[in-house]
Amino acid sequence: MLDAPTNRPDLPPEIARRRTFAIISHPDAGKTTLTEKFLLYGGAIQMAGQVRAKGEARRTRSDFMQMEKDRGISVSASAMSFDYGKYRFNLVDTPGHSDFSEDTYRTLTAVDAAIMVIDGAKGVESQTQKLFEVCRLRDLPILTFCNKMDRESRDTFEIIDEIQEMLAIDVTPASWPIGQGRDFLGCYDMLNNRLELMDRADRNRVAESIRIEGLDDPKLAQHVPEHLLEKLLEEVEMARELLPALDPQSVLEGHMTPIWFGSAINSFGVKELMDGIGTYGPEPQVQAAEPRKIAPEEPKVAGFVFKVQANMDPKHRDRVAFVRLASGHFQRGMKLLHVRSKKPMAVSNPVLFLAADRELAEEAWAGDIIGIPNHGQLRIGDTLTEGEPLRVTGIPSFAPELLKVCRAGDPMKAKHLDKALMQFAEEGAAKVFKPLMGAGFIVGVVGALQFEVLASRIELEYGLPVRFEPSQFTSARWVHGDKPAVEAFTQKNKQHMATDNDGDVVYMTRLQWDIDRVARDHPELTLSATKEMQ
Ligand code: G4P
C-alpha cells in the first residue's frame, strides 16, 4: 500500500494516529449499518445488531430520544471513539435527515475527513450532494464507500462518472467489484493486489482475502468464474486507462476521492475502507482561530464546542458540551480558560464516548472529542484554552427558514417556557426570538420536523405541553452595523424587530422585498442570513 503523505510531520505519535471523521449519506444508503461494522471491527461492540436490533425500528445505541425511536431517524450527533490497528478513530455521527442540516454542518467543523456512503443502485442522491457541498466548503478529504453491491446495482463506470460529474471531484477506484447483484463475488483490491471474496453464508464474517501477483496471476481463475474474470480484466484495464491513479496528496486536499465497493450488511469491503481511512485519511489538522491558528502539535490544550446536548438523561438534567480538541494533551482535572467569559473552568468529569457507554476521560489528545458536563456555561462556538485568549472561527449559525410562534399549552406555565426555549436555543436546536412588540416567542428552525422534536422534548423534559402556531413572519436576518445606526433602525421598524437568544438584533419579515429594500435604503447596515457562533 502506498504511504500517505503527511501535511503535519511534527505530530506526536499519539496525535498522528488519530483519525476524526464523520459519515455522510442520503438516508437509507447504509450509514447505520456501516457504523455498526466499524464499531464491531474497532472492538467497541461484540456482535452486529447491538447498534440496531434487527427488526426493531431503526435505532443506534447513541439514540436516546423517544422521538428518534418513533421516527427512526437520528436527530442528534454523537461521537464514538475506538481503536483500529494502530489508529484511534473518532467517528462523529451526523444526523441524516435534511431537516437537521445545521447541526450536521457544525458537526462537520469538528472532523478532519468524511466518509461518503452511496447506494450502488441509486448513486448520488439529493442529501449526498448537499452534504458533499458542505464538506467542499471546508476542503474536507472524502473517502467514498459504494454500498449494497450484493444487490442489483448500477454499472461501475456509470457510478464513478456520476460522482465525478455531479460532485466535480476526481474519483479513483480503490477496489473494483466483480459481478453484481446475485452474481456479486467480491472485489479486486486495486491498491494491494488482492482478491477479496465475500462470504454470503455469514454476514459477520470478514471476506476471504487472497494475495495475487497482478491480474495475470493464474490464481484468479481458480476463484473467479470465466465470464466474470473476462469482464473484470477488461474493466480494470479500462479503469486504469481512463481514471486517475490514486494521488494521496490530492485526496488530502479534497480534490480526489478514492472509492471502495462493498456491502456493509455482509461486512464486505468495510475493513479495506477502514484501512483506507488510516492510510489516506488526514491526521488532526490545523484549526482556524483568531488571532492565530491552532496547530495540533502545540503542547497546550485548546478545544472548541461544536455541539451541546441537554438532558441526555432526563432524570439527571445534565448538559454535555461536545468539545473537539484542537491541540495538546488533555488530562482530567485540568483547569481551562473559558475564553468567552474569561473564567477558568476545572474540567473534572470529562467523558469519552464509546459506542455503548460514556466513560470518564482520563486523558485525550488533539483530534479527540470529549464531553464536558456543565450547567449551561458552555455554548456552541466557545473556545477553551490553557490561558491564551484564542477564539476558534468558522462555526456558523444559519438564519432559520421556518418561523412559528410558540405558546404554552397551560398559560400558568408560560414562565417555564422561557427557560426551556432558551435552553434549546443554547443547544443549537432552534433559534428563539423575542419580538420587541408583543408577548411570547418566535421560534425559528431550518426544517419543519424540528418543531415536532422541540414540542416533544419540551413536554418530555419540562412537562410542558406547547403549541406552535403560524407566525406573521417567514424570514429573519441579523442586523449588523454601528450601534447607533442599528438602534435608529430598530426604533423605526419596531414591529419587525426582535432579539435572538444571544441578545443580537434581528429583523423579521414575510417579504424578500422588505429585505431588499432595507439593503437598498440602509447602506450603513447589513442584513445577514448567517452569523458566527461566539
Ligand atoms: P441509513 O443509516 O443510511 O439510513 O441506512 P441503514 O444502515 O439503516 O440501512 C438502510 C437499509 O439498507 C437497511 O434495511 C439495511 O439493512 C440495508 N442495508 C445496509 N447495507 C446493506 C447492504 O450492504 N446490502 C443490502 N442488501 N442492504 C443493506 P432495512 O430493511 O431498512 O432495515 P433492516 O430491517 O434490514 O434492519
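Computed from a predicted structure; not experimentally measured.

Thresholds, definitions, all that
Residues numbered from 1 in each chain as written. Predicted model: local features only at pLDDT ≥ 70, side-chain atom pairs only at ≥ 80, totals over all residues. Heavy atoms only, no water. 1 Å grid on protein atoms, 1.4 Å probe; cavity = no way out; pocket = protein on both sides within 12 Å on 5 of 7 lines; lining within 4 Å. Points joined across faces, edges and corners; volume = space filled by probe spheres on them. Nonpolar A, V, L, I, M, F, W, Y, C, P; charged D, E, K, R; others polar. Domains from an automatic or database assignment. Helix = DSSP H or I, 4+ residues; strand = E, 2+ residues; numbered from the N terminus. Buried < 20%, exposed > 50% of the residue type's maximum accessible area, 1.4 Å probe, protein only. Lys, Arg positive; Asp, Glu negative; His and termini not counted. Salt bridge = Lys/Arg side-chain N within 4 Å of Asp/Glu carboxyl O. Contact = heavy atoms within 4.5 Å. Core = buried A, V, L, I, M, F, W, Y, C linked by side-chain atoms within 4.5 Å. Pairing = 2+ DSSP bridges. Axes fitted to C-alpha atoms, helices over the stretch in contact; angles between N-to-C directions. Phe/Tyr/Trp six-rings, centres within 6.5 Å; stacked < 30°, edge-to-face > 60°. Lys NZ or Arg CZ within 6 Å of the ring centre and 35° of its normal.

**Q** When you look at the layout of surface pockets in this model, what are you seeing that I'm missing?
**A** Taking a probe equal in size to a water molecule and rolling it over the atoms shows the remaining empty space. For the second largest pocket, the calculated volume is near 440 Å³. Here the lining of the second largest pocket is composed, by residue class, of 9 nonpolar, 6 polar and 6 charged. Residue contributions to the lining of the second largest pocket reach at least three from each of two domains, namely domain 1 (21–60 + 112–280) and domain 2 (289–392).

**Q** Where do I start with the side chain of Glu272 in this structure?
**A** For Glu272, the location among the structural elements is in helix α10 (residues 270–280). No salt bridge is formed by the buried Glu272. Its closest oppositely charged neighbour is Arg194, at 6.9 Å. The contact partners of Glu272, leaving out residues within four places of it in the chain, are Asp189, Glu196 and Trp260.

**Q** Sorry if this is basic, but what is going on with the domain arrangement of the chain here?
**A** In terms of domain boundaries, the chain breaks down into domain 1 (21–60 + 112–280), domain 2 (289–392) and domain 3 (396–532). Distance between the C-alpha centres of domain 1 and domain 3: 43 Å.

**Q** I'm lost on the nonpolar core in this one. Help?
**A** Note on soluble globular proteins: their nonpolar side chains tend to be buried together. If you look at the biggest cluster of nonpolar residues, it comprises 81 residues, and the most contacted ones within it are Ile163, Trp176, Phe330 and Ile370. For this core, the element with the most residues is strand β14 (residues 319–327), which contributes 6 residues. Formed jointly, this core draws a minimum of three residues from each of two domains, domain 1 (21–60 + 112–280) and domain 2 (289–392). Among residues more than four places away in sequence, those in contact with Ile163 are Met116, Ile118, Val124, Thr144, Ala168, Ile169, Val171 and Ile259. Counting residues in hydrophobic clusters, the runner-up holds 30 residues, among them Ala29, Phe89, Leu246 and Met256.

**Q** Explanation requested: the sheet that holds strand β5 (residues 142–147) in the structure shown.
**A** Paired through backbone hydrogen bonds, the strands of a sheet run either parallel or antiparallel to each other. Strand order in this open sheet of 7 strands is β2-β3-β1-β4-β5-β11-β6, and the pairing throughout is mixed. Bordering the open sheet on either side are β2 (79–84) and β6 (170–173), each of which pairs with just one other strand. When the angles between neighbouring strand axes are averaged without regard to direction, this sheet yields 30 degrees. As judged from the 5 bridges shared by strand β1 (residues 18–25) and strand β4 (residues 113–119), these two strands associate in the parallel manner. Bridge assignment links Ala22 to a residue of β4, and that residue is Ala114. The sheet contacts of helix α5 (residues 126–137) involve β1, β4 and β5, and relative to β1 the element is tilted by about 145 degrees.

**Q** Quick question: what am I supposed to make of the pairing of strand β11 (residues 256–261) here?
**A** Note on strand geometry: in a regular strand, side chains alternate between the two faces of the sheet. Most of β11 sits inside the fold, with 6 of its 6 residues counted as buried. Side chains of β11 alternate between two faces, with Met256, Pro258 and Trp260 and Thr257, Ile259 and Phe261 buried alike. Sheet topology note: the β5/β11 ladder contains 3 bridges and is parallel. Each bridged residue has a counterpart across the sheet, and for Cys146 the counterpart in β11 is Phe261. Across 4 bridges, β6 lies against β11 in parallel orientation. Following the sheet pairing, Pro173 is matched in β11 by Ile259.

**Q** How should I be thinking about the packing of aromatic side chains in this particular structure?
**A** Any pair of aromatic rings gets described here by the distance separating the centres and the angle formed by the planes. A full pass over the atoms with the stated rule returns 12 aromatic pairs. Seen from their ring centres, Phe157 and Trp176 are 5.0 Å apart, and the 55 degrees between their planes marks the pair as tilted. Within this pair, whereas Phe157 is found in helix α6 (residues 156–167), its partner Trp176 is found in strand β7 (residues 175–178), the two being separated by 19 residues in sequence. We note that Phe157, like Trp176, is buried. By the ring-pair criterion, three or more aromatic residues cluster together here, those being Phe21, Phe38, Phe82, Tyr84, Tyr87 and Phe89. The aromatic ring of Tyr41 is capped on one face by Lys271, whose charged end is 5.1 Å from the ring centroid. Over the aromatic face of Phe441 sits the side chain of Lys434, whose NZ or CZ is 5.2 Å from the ring centroid.

**Q** Can you walk me through the sheet that holds strand β25 (residues 402–408) in this structure?
**A** Spatially, β28-β25-β27-β26-β30-β31-β29-β32 is the arrangement adopted by the 8 strands of the open sheet, whose pairing is antiparallel. On the outer flanks of this sheet lie β28 (466–470) and β32 (526–528), each paired with one strand and no other. Each adjacent strand pair in this sheet contributes to an overall mean axis angle of 40 degrees, direction not counted. Direction of pairing for strand β29 (residues 475–480) relative to strand β31 (residues 505–509): antiparallel, over a ladder of 4 bridges. By the bridge assignment for β31, Ser475 is matched with Thr509.

**Q** Mind showing me how you'd approach the pattern of salt bridges here?
**A** Under the defined criterion, the tally for this structure stands at 20 salt bridges. Salt bridges here are not isolated pairs; linked through shared partners, they connect Glu14, Arg17, Arg18, Asp83, Arg88 and Asp368.

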